[in-house]
Each structure stands twice: as C-alpha cells, then as structure tokens.
Amino acid sequence: MRLCFLVEEQYRHDGMPRDVIAQLRAWGHQVDVEWPGRSMIRMSELSEVVAAGRHDAWVLKTVSGGPGLTLLEAVATTGLTTVNDVRAIRGVRDKALAAVLARTGGLPVPMTYAAARAEEFAAVPEAEYPLVVKPADGSSGRAVRLVERPEQLTAGGVAPSDGAGGGMLIAQPYVPNSGTDLKVYCVAGELYATERCSPLHPDQAVPERQVPLPAEVARIATEVGAVFGLDLYGVDVLLGPDGPMVVDINDFPSFRQVPDAVARVSAAVLRLARRGTACAPAGTLPFIGHQRGPWPAAEAVGGAR
C-alpha cells in the first residue's frame with residue numbers, strides 16, 4: 001500500500017509513529033512522511049496531488065491544535081481515506097465538544113463547563129469544587145490544574161492561564177480516586193488496559209504497567225469508539241465512587257505497555273486503509289459516530305500486507 005503519515009515535530013523521535021513507519025516499510029509498503037510544522041504546503045494544489053493517486057490513505061500523528069489536522073481535513077474533502085476518520089479526530093481534539101458528544105452518546109463523563117477565561121468558573125456552584133481545569137485543546141496532561149476553591153481561580157501562580165491563542169478552557173468536578181489513572185488503548189477493536197500515575201497526583205509512586213481490564217470499563221471503552229467513530233484511540237478512566245468515569249479521549253495515542261504495539265498498530269493501519277472511507281467526504285456530512293461492523297479475521301501480526 002501507499003501511505004502518507006503527517007507527523008509533527010513533537011513526535012519526530014517517538015516510537016509512535018516512527019517505529020510504525022519503519023515496520024510498514026519493512027513489510028514492503030510505501031510510506032511517505034509530511035512534516036506540517038516545518039514545511040510549506042501548496043494547499044491550492046492538494047486536490048490535484050490526491051487525484052494523482054500517490055497514496056491510498058493518510059495517517060495523522062500530531063499535537064492537539066497543530067497544523068496537521070487542517071491538512072488531513074483538506075485531504076478528506078477529496079474523499080481520500082484518513083486514519084482515524086478525520087471527523088472523529090475533530091470530535092475528540094476539542095474537549096468541550098467531546099464532552100457534548102460523550103453525554104449525547106450516553107457515556108459516563110463528569111459535568112463539564114467551558115469558558116474562555118479561568119475566572120468565569122467562579123460561577124460554578126461551590127458544592128462542585130474542587131474542579132479540574134485544563135485547556136480544551138490540551139494533551140499529555142499539559143496545564144491540568146486542581147482548583148480547590150473559587151478564589152484560587154484568580155490567585156497568582158495557582159490559576160491556569162487563559163486558553164492559548166484565545167482557546168477555551170474546560171472545568172470538571174474532581175472525581176475522587178486512588179491517584180492512578182486507568183488508560184485503555186484500543187487497536188482496531190482489541191482493548192488493553194494500563195495503570196499509571198495521575199497528572200494531579202505526581203507524588204504517587206505508581207509504575208506504568210499493564211493491568212487486567214474490568215468488564216464494565218471494557219464496555220465503556222468500546223462504546224467510546226462507537227460514539228466517536230474511532231478505531232485507534234486511548235481512553236482515560238477514573239474508578240470513582242459512582243463507578244468508572246471517562247475523563248479524556250485521545251486519537252492515535254502512544255500505546256505504551258501494549259504487547260507488540262508496533263506490529264499491532266501497523267497491521268491495524270493497513271486494515272483501516274484498505275477498508276477505505278465508507279461514508280461521504282467530511283465537508284458534506286455532519287458526524288457523530290459511525291456504524292461499526294464486525295472485524296474480519298485477524299491477520300498474522302508481523303506479516304500483514
């Protein structure tokens with residue numbers, strides 16, 4: 001197959017996607033790499049490039065808010081396959097939008113508030129404090145803060161800054177938990193759970209490791225894929241007093257601690273690229289999830305072509 005990966009500088013040396021690209025090439029596939037953060041792209045000529053048939057699918061690995069998503073969306077408007085589906089990526093990259101989609105889809109998520117300035121969260125009922133406040137376009141635990149009382153929203157050195165570039169912030173009531181996050185990775189229908197230290201509890205000495213996946217969490221993680229239309233994704237779950245709560249969703253995460261992650265993800269990318277885009281181009285159809293059929297029999301890991 002002929003694939004094009006969009007990779008931003010932050011992930012230039014990461015195993016995801018560097019090792020996946022190497023694996024796909026080792027299997028005999030053509031893989032080109034675009035660096036949207038450090039190259040000029042002739043957007044007006046992009047449709048001609050796609051029409052020339054140089055690639056079967058494009059794959060995105062970028063930071064939230066990075067330029068790669070715009071390029072991927074432009075590719076998708078021509079009808080070319082993207083991994084993940086570009087509309088699904090947009091749905092999780094904006095955490096304020098993701099909260100609405102999750103609630104609409106019946107997923108267990110905390111009550112979510114959005115504002116352009118942190119001090120606006122002073123209007124949240126005090127009974128809902130402490131609040132977890134973070135950028136709506138954040139990733140990798142960046143700028144996540146625990147705010148114990150409303151007055152801390154404007155206290156120097158405590159309050160989170162306004163959203164970068166005028167972006168939104170979100171706030172959610174803190175879910176009491178053990179201080180560890182349960183991260184569930186989905187690789188084209190297969191689920192793997194890992195435990196790691198919460199960014200709100202950095203003092204917890206919790207080594208990241210694979211752990212058994214509770215049945216209820218597995219059900220919720222599967223529903224996340226169905227609601228958002230994702231095939232390669234990660235879900236952060238907290239085991240709170242009222243049951244599991246989804247607190248974050250990531251498209252194309254690191255897949256750390258997943259056994260044979262590189263081979264599994266590489267094989268999944270090929271299957272998704274072959275399956276193609278089953279629905280209309282992103283520019284013409286509103287998107288909240290998609291129909292998901294049964295997966296074909298698994299291909300032999302390490303030799304999928």
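> Go over empty space enclosed by the protein, please, and point to the residues and values.
Counted under the stated rule, the structure contains two cavities of 30 Å³ or more. Approximately 140 Å³ is the volume attributed to the largest cavity. Along its surface, the largest cavity is lined by 15 residues, and Lys95, Ala98, Ala99, Val247 and Asp248 are the ones closest to its centre. Those elements that provide at least two residues to the lining of the largest cavity are helix H5 (95–104), strand S8 (169–173) and strand S13 (243–251). Residues belonging to the lining of the largest cavity are distributed by class as follows: ten nonpolar, two polar and three charged.

> Talk me through the pattern of salt bridges; I want residue IDs and the actual numbers.
Scanning all chains against the criterion turns up 17 salt bridges. We note a salt bridge from Arg54 to Asp32, for which the minimum N-O separation is 3.9 Å. Taken as a pair, Arg54 in the loop between helix H2 (46–51) and strand S3 (57–61) and Asp32 in strand S2 (residues 30–34) lie far apart in primary sequence, 22 residues in all. Of the residues examined, Arg54 reaches a relative accessible area of 46% and is grouped as partly exposed. The partly exposed category is assigned to Asp32, whose relative accessible area is 24%. The residue Asp236 makes a salt bridge to Lys183 at a minimum N-O spacing of 2.9 Å.

> So what about the confidence of the model for the protein chain? Which residues, and what values?
Of the residues in the protein chain, 82% reach a pLDDT of 70 or more, and the chain-wide mean stands at 83. Scored below 50 in pLDDT, residues 157–165 makes 19 contacts in the model with residues more than four places away or belonging to other chains. When the criterion is pLDDT under 50, residues 277–305 qualifies, and its contacts beyond four places in sequence or with other chains add up to 63 contacts.

> Please provide a residue-by-residue account of the sheet that holds strand S11 (residues 209–211), values included.
Spatial strand order, S11-S10-S9-S12-S13: five strands in an open sheet with antiparallel pairing. This sheet does not close on itself; its edge strands, each paired only once, are S11 and S13. Strand-to-strand, the axes of this sheet are offset by a mean angle of 35°, without reference to chain direction. Inspection of the sheet shows strand S9 (residues 180–187) paired to strand S12 (residues 232–240) by six bridges, in the antiparallel sense. Bridge pairing links Leu182 to Val237 in S12.

Each value, and the rule that gives it
Residues numbered from 1 in each chain as written. Predicted model: local features only at pLDDT ≥ 70, side-chain atom pairs only at ≥ 80, totals over all residues. Heavy atoms only, no water. 1 Å grid on protein atoms, 1.4 Å probe; cavity = no way out; pocket = protein on both sides within 12 Å on 5 of 7 lines; lining within 4 Å. Points joined across faces, edges and corners; volume = space filled by probe spheres on them. Helix = DSSP H or I, 4+ residues; strand = E, 2+ residues; numbered from the N terminus. Nonpolar A, V, L, I, M, F, W, Y, C, P; charged D, E, K, R; others polar. Salt bridge = Lys/Arg side-chain N within 4 Å of Asp/Glu carboxyl O. Buried < 20%, exposed > 50% of the residue type's maximum accessible area, 1.4 Å probe, protein only. pLDDT = per-residue confidence, 0-100. Contact = heavy atoms within 4.5 Å. Pairing = 2+ DSSP bridges. Axes fitted to C-alpha atoms, helices over the stretch in contact; angles between N-to-C directions.

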